[in-house]
Amino acid sequence: MFPNIDPISLEQTHYARDALVTKIVHIGFGAFHRAHQAVYTDLANENEDRPWGIYGINLFRAGALTEQFAAQDNLMVLLEKSSTSMQKRLIRTFTGAMNIQDKGIDAALAKLCEPQVAIVSLTITEKGYCLSPEGQLDTTNKLIINDLANPHHPISAIGIITAALQERKAKNLPAFSVMSCDNIPENGHKTRQAVLDYAALIDSELAKWIESNASFPSTMVDRIVPAMDETGQRELELAVGSRDEFGLISEAFKQWVIEDSFCNGRPQWESVGAVMANNVLPYEEMKLRMLNGSHSFLAYIGALCGYQYIYQCMEDPLLKALTLQLMVNEQATSLSAELDTDLVGYAHTLITRFSNPNIQHQTAQIAMDGSQKLPPRVIDSILTLLQRPPYSDANPPKILLFLLAGWMHFVQQKYRDQETLVDPAADQLNALLSANLDNPCAALLQFKGVFNKPFLSNSTLTEHVTRFYQDIEQHGIRAALESLAFLLRKSK
Ligand code: NAI
Ligand code: CS2
């Protein structure tokens, strides 16, 4: 399919592709899955007699995906780039893909109900789980309202998974494991909660069957995979020798920690570097707070400074220094004592990864969906840190609070400039701003999806956010960052 790929520099597996069996159906056939779980599965297949095939399903995308992917034989190329080297990898584990918008829900359910399907994995973004801020199924979510009224024609991922499990139960087929690979702490437990809450509302017997037959492993996933743009496409085309509509560019680093709780078998991912663990939460929190929390800091503060890409933020000495302090002094202090990891070393590795100029990761991409991302990356850490010396009510973690003020400016600027805020809570946030035009900071502090009760009941926290907000407003982002750095030196 890719005739011009130089065979010497191409990394590829060699198992018999015609032996692939579709035992994994992946919902959310986006960039990350194709550059992470698909790579591990493809590599693990080298040691399997019955290699694991993956079939991809998209819920909310339209287009002739099945036909286009089949036209390139369900193959794709990934360019894995460090700051000094690049490797081309051919990924051979896919058996096909579909957009539900084109093929219809019945086709997707038929796929999920093939008897041999053992795992349904997910990368559907944080909002795809339809959870309330308290971690229960959000029954006011539009998709869930639709699905509860039409359980046999669902449109949410939770509704589709439950409908498939219902059909499998009716046909006496085994259940499957539902493996979330999204950036959510306890992602398996939260998926289980959403599915069980939903199932209980349509059929209590089904909820019991799912509880005893399905499993919901949690995972910590890590690899920076920016959305492809035309420049990336052209680079890929040069490297491959022909157009690859599904090809991607990622960093060279990858990591996967998986809770070993699969009800119906799994690939030997540990044979190719994944770590199987009993408790994934400490790793999830480490990555979510140190990596993703810093990413969100750079997304909002970097964007306010005018930077388009993360590596450009790392070329700014002040931003780089504050990012390292955020990781080491604030986020690392908030983590579980159970972690047997050199967190300072981890922080330096993250800075090196963020500095990779070969990865064009847009601050705007990371800034999306802030209302979903800030609670686990920022709010949870702040509340934990108040109980951990040297922090206290009188001395709260300031870089995290500055980040929140930066997010508020980002949201406010989009509103002011009438630009689209990409966030599932955009309407609510804009309504709060329009109701209090004179005081955007006070308006956004009313947004309960981010500022929960414990946060709002602590006046030191709200005062700090307000002060930082005003500092940015009155003196500009650069001067506000310098004042923050000064404040941090003083409070040492
Ligand atoms: P993408 O934009 O390429 O794909 C997003 C996928 O989510 C699409 O398949 C889309 O159809 C689906 N989706 C969006 N909203 C949905 C909803 N409400 N219900 C069901 N499906 C929905 O994004 P990408 O890069 O694949 O990232 C997806 C997720 O993967 C992230 O949100 C994150 O949780 C996780 N992730 C991404 C990493 C990255 O570097 N790109 C790294 C680590 C985790
Ligand atoms: C990023 C993540 O978009 C975001 O919010 O923080 O996608 C990040 O690139 C990955 O989690 C890295 O593993």
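Residue numbers restart at each chain and count upward from 1, following the sequence in its written direction. Chains carry letters and ligands carry numbers; both start at the beginning, A for chains and 1 for ligands, and go up in the order they are written. pLDDT decides what is reported in this predicted model: residues at 70 or higher carry local features, side-chain atom pairs at 80 or more are listed and counted, and totals for whole chains, interfaces and linings draw on all residues regardless. In computing side-chain values, all of the structure's heavy atoms are included and hydrogens and water are not.

## Description of the site of ligand 1
- We define proximity as follows: a residue is near a molecule or strand when any one of its heavy atoms falls within 4 Å of that partner. The environment of ligand 1 is made up of 23 residues, and the closest members are A31, F32, N58, D182 and V225.
- For ligand 1, an oxygen atom lies 2.6 Å from a polar atom in the side chain of N58.
- In this structure, an oxygen atom belonging to ligand 1 sits 3.1 Å away from a main-chain N or O atom of R223.
- Here ligand 1 has 820 Å² of accessible area as a free molecule, and 83% of this is covered by the chains. Under this definition, polar contacts are N or O atom pairs within 3.5 Å; protein pairs additionally need one hydrogen-donor-capable and one acceptor-capable atom, and for neighbouring residues in sequence, both atoms have to be side-chain atoms. Residue-level accessible areas treat just the shown protein chains as cover; the underlying method is Shrake-Rupley with a 1.4 Å probe.

## Description of the pairing of strand β7 (residues 119–122)
- Type-normalised accessible area, obtained with a 1.4 Å probe on protein chains alone, sets the label of each residue: buried when under 20%, exposed when over 50%, and partly exposed for intermediate values. Numbering of helices and strands runs from the N terminus; a helix is a DSSP stretch of H or I covering at least four residues, while a strand is a stretch of E covering at least two. Burial along β7 is two-sided: I119 and S121 and V120 and L122, pointing in opposite directions, are all buried.
- Inspection of the sheet shows β7 paired to strand β8 (residues 177–180) by four bridges, in the parallel sense. Within β8, the position partnered with L122 by the bridge is S180. A pair of strands is labelled paired if DSSP reports no fewer than 2 bridges between them.

## Notes on the domain arrangement of the chain
- What fixes the domain bounds is an automatic or database domain assignment. Domain assignment breaks the chain into domain 1 (7–277) and domain 2 (281–490).
- A straight line from the C-alpha centre of domain 1 to that of domain 2 covers 29 Å.
- In this description, contact between two residues means that some pair of their heavy atoms is separated by no more than 4.5 Å. Taken together, the contacts link 29 residues of domain 1 with 27 residues of domain 2.
- The term buried area denotes the loss of accessible surface (1.4 Å probe radius) that occurs when two parts are joined, taken as the sum for both partners. Summing both sides of the interface, domain 1 and domain 2 together bury roughly 2,200 Å²; the carbon and sulfur share of this comes to 58%.
- Salt bridge, as used here, is a side-chain nitrogen of Lys or Arg placed within 4 Å of a carboxyl oxygen of Asp or Glu. On inspection of domain 1 and its partner domain 2, the count reaches four salt bridges.
- Salt-bridge contacts for K127 lead to D369; the nearest nitrogen and oxygen are separated by 2.7 Å.
- The interface formed by domain 1 and domain 2 includes 13 residue pairs in polar contact (both at pLDDT 80 or more).

## Looking at the nonpolar core
- Ranked by size, the top nonpolar core spans 87 residues in total, and within it M290, F297, F402, L404, W407 and F455 carry the most contacts.
- Residue-level mapping places this core at the junction of two domains, with at least three residues from each of domain 1 (7–277) and domain 2 (281–490).
- Leaving out residues up to four positions away in the same chain, F455 has contacts with I379, I382, L383, L401, L404, L445, L461, T462 and V465.
- If you look at the next biggest cluster of nonpolar residues, it comprises 42 residues, including A108, V120, L165 and I210. Put simply, buried Ala, Val, Leu, Ile, Met, Phe, Trp, Tyr and Cys residues joined by side-chain atoms within 4.5 Å make one nonpolar core.

## Quick look at the pattern of salt bridges
- Counted under the stated rule, the structure contains 22 salt bridges.
- Among the salt bridges present, the one from K103 reaches E67, with a minimum N-O distance of 2.7 Å. One end of the pair, K103, is in helix α4 (residues 100–103); the other, E67, is in helix α3 (residues 65–71), and 36 residues separate them in sequence.
- The shortest N-O distance in the salt bridge between E114 and K111 comes to 3.0 Å.
- Since its relative accessible area comes to 23%, E114 is described here as partly exposed.

## A few points about helix α16 (residues 370–385)
- Here α16 is 16 residues long and its end C-alpha atoms lie 21 Å apart, about the 22 Å a rise of 1.5 Å per residue gives.
- Two axes enter the definition of the bend at a residue: one is fitted to the seven residues ending there, the other to the seven starting there, and the bend is the angle between them. The sharpest bend along α16 measures roughly 35° and falls at P376.
- For α16, the buried fraction is high: 12 of the 16 residues fall into the buried class.
- Where α16 is concerned, the buried positions are G370, S371, K373, L374, P375, P376, R377, V378, I379, S381, I382 and L385.
- On the buried face of α16, the contacting elements are α11 (281–304), α13 (317–331), α15 (363–367), α17 (398–416), α20 (453–456) and α21 (459–475). Here the expected span of a helix is defined as 1.5 Å times the quantity of residues minus one.

## Points about the site of ligand 2
- As a matter of local geometry, ligand 2 sits amid N183, D222, R223, I224, K287, L291, N292, H295, H361, I366, K373 and R377.
- Take R223: an N or O atom from its main chain is 3.1 Å from an oxygen atom of ligand 2.
- Between K287 and ligand 2, the recorded distance is 2.6 Å, taken from a side-chain N or O atom to an oxygen atom.
- The protein chains hide 88% of the 340 Å² of surface that ligand 2 would expose on its own.
- Looking at the shell around ligand 2, the elements that each hand over two or more residues are α11 and α16.
- Of all the elements, α11 adds the most residues to the shell around ligand 2, at four residues.
- We call Asp, Glu, Lys and Arg charged. Ala, Val, Leu, Ile, Met, Phe, Trp, Tyr, Cys and Pro are nonpolar, and the rest, Gly among them, are polar. For the shell around ligand 2, a count of residues per class yields three nonpolar, four polar and five charged.
- Of the domains in this structure, domain 1 (7–277) and domain 2 (281–490) are the two that each give at least three residues to the shell around ligand 2.

## Some words on the sheet that holds strand β5 (residues 86–91)
- Across the sheet, four strands lie side by side as β1-β5-β4-β10; this open sheet has mixed pairing. Both outer strands of the open sheet, β1 (10–12) and β10 (248–251), are each paired with one neighbouring strand and no more. Sheet twist, expressed as the mean angle between neighbouring strand axes with direction ignored, is 30°.
- Interaxial angle, 0 to 180 degrees, is taken between N-to-C directions of lines fitted to C-alpha atoms, where a helix line uses only the stretch in contact. Each of β4 (76–81) and β5 touches helix α2 (residues 37–44); the most contacted strand, β5, lies at about 70° to it.

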